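# Topology and contacts: notes
Single-letter residue listing:
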Amino acid sequence: MSMNYIEANNIVLDIPVVDAARSIRTSLINQFAGGIIKNNKSGVSVRALDDVSLSLGKGDRVALIGHNGSGKTTLLRTLAGIYKPTTGAVTSHGRIISIFDPSVGLNVERTGRANIKTIAYFLGMSPSALAEHIDGIIDFCELGEFIDLPVRIYSAGMTVRLGFAVATALNPDILLLDEGIGAGDAKFAERARERLENFYSGIKCMVLASHSEDLLRSLCNKALLLEHGKAVMFGGVDEVLQRYHESNSQQ
Amino acid sequence: MDGLSGTRVKIMGEFEPKETFKYQLTSAIEDIIRGLRLWWLWYYLPVSEIQSRYRRTFLGPFWATISMGVFIAMIGLIYSSLWQVDISHFLPYLASGYIIWILISTIINEGTMTFIQHEHIVRNTVVPFSVFPIICVVRNLMLFLHHFTVYLFVAVIFSVAPGWGSLLFFPALVLVCITGFWVVLVLGIVSARFRDIPHFISSIILILLLLTPILFEADSLRGKFSLLVDWNILYHYIEILRAPLLGKFASALSWIMVSAFTIFSALAGLTVYAKYRTSIIFWL
């Protein structure tokens, strides 16, 4: 039986603000920050997630929708296990891959080939998995002899290809993805589409946070609306986007 | 095992057996074991960092080695006439002591920055935090191997005879690395929370170089200042590595002090890590 799921039960996450002064102007900051600022004995903290529950089974692709600072990335990081919830629990089963920055660990002084190695290790590949994929990754980058030159001399588009090629070579059961995987220039994007489709088709369930509604519509079949760290609505992508726009126009 | 992901059921948060210290301890130990298993990260990353630090240089990491060689030669010449000791005796002592001092002091200094420096990676990947102290120790061990050529050079010139005691160099190095890991872990955590610590440590380290028998011999301090020798834990760590390099045995006191401190650092490190592991991310 294949069992792949990820589940969040009533998670609350308070992020302590370490060097904030006691006299912090709570009301002013509340205007900008996502969560509610608490100022108690244990210091100042921001409630970044407030009683959020989410349950994904096979085939669920959930879009996280909300303003900047509404808790989308924080929720992804909590699901990934980077943040431990203050209360509540996250349960998961399956190979989770979290892609928050497809070029994490990039060192521009080193060659493309060396960076592929670093990025792959940080995104969760082992040396044996990398050995299996490295030729495909390098082929796909289409960087020719540039692959053995320092990334410092690459164009922005060329640099993006490295992370893209590595990220799409992974095959997770569960994917946690922030802002999609960029593909760089248009000519490359054409070839990238096919590879992306292959990549997404292998995924059993996914949580995607993005501001691109086209991306969310094309990849997701459910959506969660977050406001100030609270889950406001869960449903179809179009319904939730509609509600999101309504609440925007009211303000 | 495939990198950072696992297929077992993973639960974090309240459904765990209640947040007892025993539970925190188990997860801290698990985290460290996972970190140790990611050998490709802690081997490849230091290599990568060292290579990019010395990119496009002809001598690479040997630049540090050469400047150290010149420093040791100069200090050796001046101090041996200052203390009026035989240079063929003093220079091997100084060379071995100084490269060991650089190993230990750089681990401590860089250790304070271990989480701060890798903030972006900590925030955006699920790498166990214990990997970063391992990276710090491994990188400095690699640089130590480069600096070791200075000692070898001096040892050959002054024909330092290795003895049976020399074999103890390897267990001594293991103890230094184990202690180094725990010290870096604790300093990294404390420094992430209190940003004054890295500055404090680097000024203390400078003073300790002058107070610890490295540029002078321990015997010249005995008597009035013997406290600086007998109770200086850094001296004992240096001594268990230095004595083998000079073909001698370090004193039993040094081995006892080092063993005791290694155990203490492991217990203290594990306690701190268990208690604050999940808070580190909020302090970065």
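Anyway, here's the lowdown on the structure attached to this text. (Residues numbered from 1 in each chain as written. Chains lettered and ligands numbered in written order. Predicted model: local features only at pLDDT ≥ 70, side-chain atom pairs only at ≥ 80, totals over all residues. Heavy atoms only, no water.)

## Considering the overall build of chain B
To keep things clear, this is the line we draw: Elements are defined by DSSP. Helices are runs of H or I of four residues or more, strands are runs of E of two residues or more, and each kind is numbered from the N terminus. Each radius of gyration is computed over the set of C-alpha atoms, and the globule rule expresses the reference value as 2.2 Å times the number of residues to the power 0.38. Relative accessibility under 20% of the residue-type maximum defines a buried residue, over 50% an exposed one, and the middle range a partly exposed one, all with a 1.4 Å probe and only protein chains included. In short, Shrake-Rupley with a 1.4 Å probe defines the accessible areas, and a residue's cover is counted only from the protein chains shown. Charged residues are defined narrowly, with Lys and Arg counted positive, Asp and Glu counted negative, and His plus the chain ends left uncounted. Lys charges are placed at NZ, Arg charges at CZ, Asp charges at CG and Glu charges at CD.
The secondary structure content of chain B amounts to 13 helices and one strand. Starting at the N terminus, the α and β elements of chain B follow one another as β-α-α-α-α-α-α-α-α-α-α-α-α-α. Taken over C-alpha atoms, the radius of gyration comes to 21 Å for chain B, in line with the 19 Å a tight globule of 284 residues would show. Here chain B, with 284 residues, has 51% of them falling under the buried criterion. Surface exposure of chain B reaches about 13700 Å², of which carbon and sulfur atoms provide 72%. Each charge class in chain B can be summarised by its mean position, and for the 19 positive and 15 negative side chains these summaries are 4 Å apart.

## Overview of the overall build of chain A
Our working definition: Any two residues whose heavy atoms approach within 4.5 Å at even a single point are treated as in contact.
Looking only at helices and strands, chain A has eight helices and ten strands in total. When each of the 251 residues of chain A is scored for burial, the buried share is 55%. Residue pairs in contact within chain A that sit at least 24 positions apart in sequence constitute 70% of those at least 6 positions apart. Summed over all atoms, the accessible surface of chain A reaches about 11000 Å², with 50% contributed by carbon and sulfur.

## Notes on the nonpolar core
Counted only if it meets this: Put simply, buried Ala, Val, Leu, Ile, Met, Phe, Trp, Tyr and Cys residues joined by side-chain atoms within 4.5 Å make one nonpolar core.
Residues I116(A) and Y200(A) are the most contacted members of the largest nonpolar core, which totals 115 residues. For Y200(A), the contacting residues outside a window of four places in its chain are R61(A), L175(A), L177(A), I181(A), M206(A) and L219(A). If you look at the next biggest cluster of nonpolar residues, it comprises 50 residues, including F148(B), Y151(B), C177(B) and A243(B).

## A few points about the packing of helix α3 (residues 112-122) of chain A against helix α5 (residues 156-167) of chain A
Residues and elements named next belong to chain A. Our working rule: In this analysis, axes come from line fits to C-alpha atoms, helices being fitted only over the stretch in contact, and the angle between any two N-to-C directions falls in the range 0 to 180 degrees. The cut-offs work like this: below 35 degrees is roughly parallel, past 145 is roughly antiparallel, 65 to 115 is roughly perpendicular, and the gaps in between are oblique. Each helix crossing is assigned a hand: it is left-handed if the near helix lies turned anticlockwise from the far helix by less than a right angle, otherwise right-handed if that turn is clockwise. Classes in brief: Ala, Val, Leu, Ile, Met, Phe, Trp, Tyr, Cys and Pro nonpolar; Asp, Glu, Lys and Arg charged; the others, Gly included, polar.
Running from N to C, α3 and α5 point in directions that differ by 45°, and their axes come no closer than 10 Å. Regarding the angle of α3 to α5, the classification is oblique. As α3 runs across α5, the sense of the crossing is right-handed. Between α3, through G112, N115, I116, I119 and A120, and α5, the contact on the second element is made entirely by L162, G163 and V166. Of the residues that constitute the contact of α3 with α5, the class distribution is five nonpolar, three polar and no charged.

## Considering the interface of chain B and chain A
By a widely used convention, the size of an interface equals the accessible area lost when the partners come together. This is how it is decided: The quantity reported as buried area is the accessible area (1.4 Å probe) lost by two parts once they are put together, taken as the sum for both. By definition, a salt bridge exists where a carboxyl oxygen of Asp or Glu is found within 4 Å of a side-chain nitrogen of Lys or Arg. Between N or O atoms, a polar contact is any pair within 3.5 Å; within protein, one atom must be a potential hydrogen donor and the other a potential acceptor, and residues adjacent in sequence are included only when both atoms are from side chains.
Each side of the interface is counted separately: chain B has 40 residues, and chain A has 44 residues. Across the interface of chain B and chain A, roughly 3800 Å² is buried in total on both sides, 60% from carbon and sulfur atoms. Linking chain B with chain A are one salt bridge. Here R55(B) makes a salt bridge to E109(A), at a shortest N to O gap of 2.7 Å. Between the two partners, chain B and chain A, sit nine residue pairs in polar contact (both at pLDDT 80 or more). Elements represented by at least two residues in the side of chain B that touches chain A include exactly β1 (10-13), α2 (39-53), α6 (119-124) and α13 (280-283) of chain B. With eight residues, α2(B) is the single largest residue contributor to the side of chain B that touches chain A. Of the residues in the side of chain B that touches chain A, the class split is 18 nonpolar, twelve polar and ten charged.

## A short note on the pattern of salt bridges
Residue and element names in this part refer to chain A. Under the defined criterion, the tally for this structure stands at 13 salt bridges over all chains. Close ionic contact of R152 with E109 constitutes a salt bridge, the shortest N to O distance being 3.2 Å. Taken together, the residues span a long stretch of sequence, with R152 in the loop between α4 (127-141) and α5 and E109 in the loop between β6 (96-99) and α3 at a distance of 43 residues. Given a relative accessible area of 25%, E109 falls into the partly exposed group.

## Some points on the sheet that holds strand β9 (residues 222-227) of chain A
Residues and elements named next belong to chain A. In plain terms, the rule: Two strands make a pair as long as DSSP finds a minimum of two bridges between them.
Overall, mixed pairing links the six strands, which are arranged β6-β7-β8-β4-β9-β10 in an open sheet. Unpaired on one side and paired on the other, β6 and β10 (230-235) mark the two borders of the sheet. The mean inter-strand angle of the sheet, taken between neighbouring strand axes irrespective of direction, is 15°. Two elements, strand β7 (residues 174-178) and strand β8 (residues 205-209), share five bridges in a ladder whose sense is parallel. Residue L177 lies in a different strand from β8, and its bridge partner there is L208. Packed onto the sheet, helix α8 (residues 237-250) meets β4 (61-65), β9 and β10 and runs at close to 25° relative to β9.

## Considering the side chain of T179(B)
All names here are of chain B. Here T179 shows up in helix α8 (residues 169-193). At 2.7 Å, the side chain of T179 and the side chain of Y237 are in polar contact. If we ignore the near neighbours within four places in the chain, the residues touching T179 are Y237, F261, T262 and S265.

## As for the packing of helix α1 (residues 21-37) of chain B against helix α12 (residues 252-276) of chain B
Residues and elements named next belong to chain B. Close contact between α1 and α12 brings their axes to 8 Å; oriented N to C, the two are set at 105°. By the criterion of interaxial angle, the relationship of α1 to α12 is roughly perpendicular. Contacts between α1 and α12 involve F21, Q24, L25, A28, I29, D31 and I32 from the former and L270, T271, Y273, A274 and K275 from the latter. Of the residues in the contact of α1 with α12, the class split is eight nonpolar, two polar and two charged.

## Describing empty space enclosed by the protein
All names here are of chain B. Short version of the rule: The definitions used throughout rest on a 1 Å grid laid over the protein atoms alone, on which a cavity is an enclosed set of points accommodating a 1.4 Å probe that cannot get out and a pocket is an open set flanked by protein within 12 Å on both sides along at least five of seven lines; lining residues are those having an atom within 4 Å of a point. Grid points are joined across faces, edges and corners, and a volume is the space filled by probe spheres set on the points.
One pass over the structure, following the stated rule, counts two cavities of 30 Å³ or more. Roughly 30 Å³ of volume is contained in the second largest cavity. Lining the second largest cavity, in full, are E110, T114, Q117, H118, F132, I135, C136 and R139. Secondary structure elements with two or more residues in the lining of the second largest cavity: α5 (114-117) and α7 (131-157). Per-element tally for the lining of the second largest cavity: the top contributor is α7, with four residues.

## Overview of the packing of aromatic side chains
This is how the line gets drawn: Geometry of aromatic contacts follows a simple scheme: Phe, Tyr and Trp rings, the Trp one being its six-membered ring, pair when their centres are within 6.5 Å, and the pair is stacked under 30 degrees between planes, edge-to-face over 60, tilted otherwise.
Considering all chains together, one arrives at 20 aromatic pairs over all chains under this definition. Aromatic pair F140(A) and F164(A): ring centres 5.8 Å apart, planes at 25°, arrangement stacked. In this pair, F140(A) is assigned in helix α4 and F164(A) in helix α5, connecting sequence segments 24 residues apart. Here F140(A) matches F164(A) in class, with each residue buried. Measuring from centroid to centroid gives 5.5 Å for W39(B) and W40(B), while their planes differ by 85°, and the two rings are edge-to-face. Given the relative accessible area of 45%, W39(B) is considered partly exposed.

## Regarding a nonpolar patch on the surface
So the rule is basically this: Candidates for patches are residues over 30% relative accessible area with no salt bridge; among them, like charges are joined within 9 Å and nonpolar side chains (Val, Leu, Ile, Met, Phe, Trp, Tyr) within 5 Å.
On the surface, F62(B), I66(B), V70(B), M74(B), L77(B) and I78(B) cluster together to form a nonpolar patch covering roughly 540 Å² of accessible area. Within the fold, V70(B) resides in helix α3 (residues 62-82).

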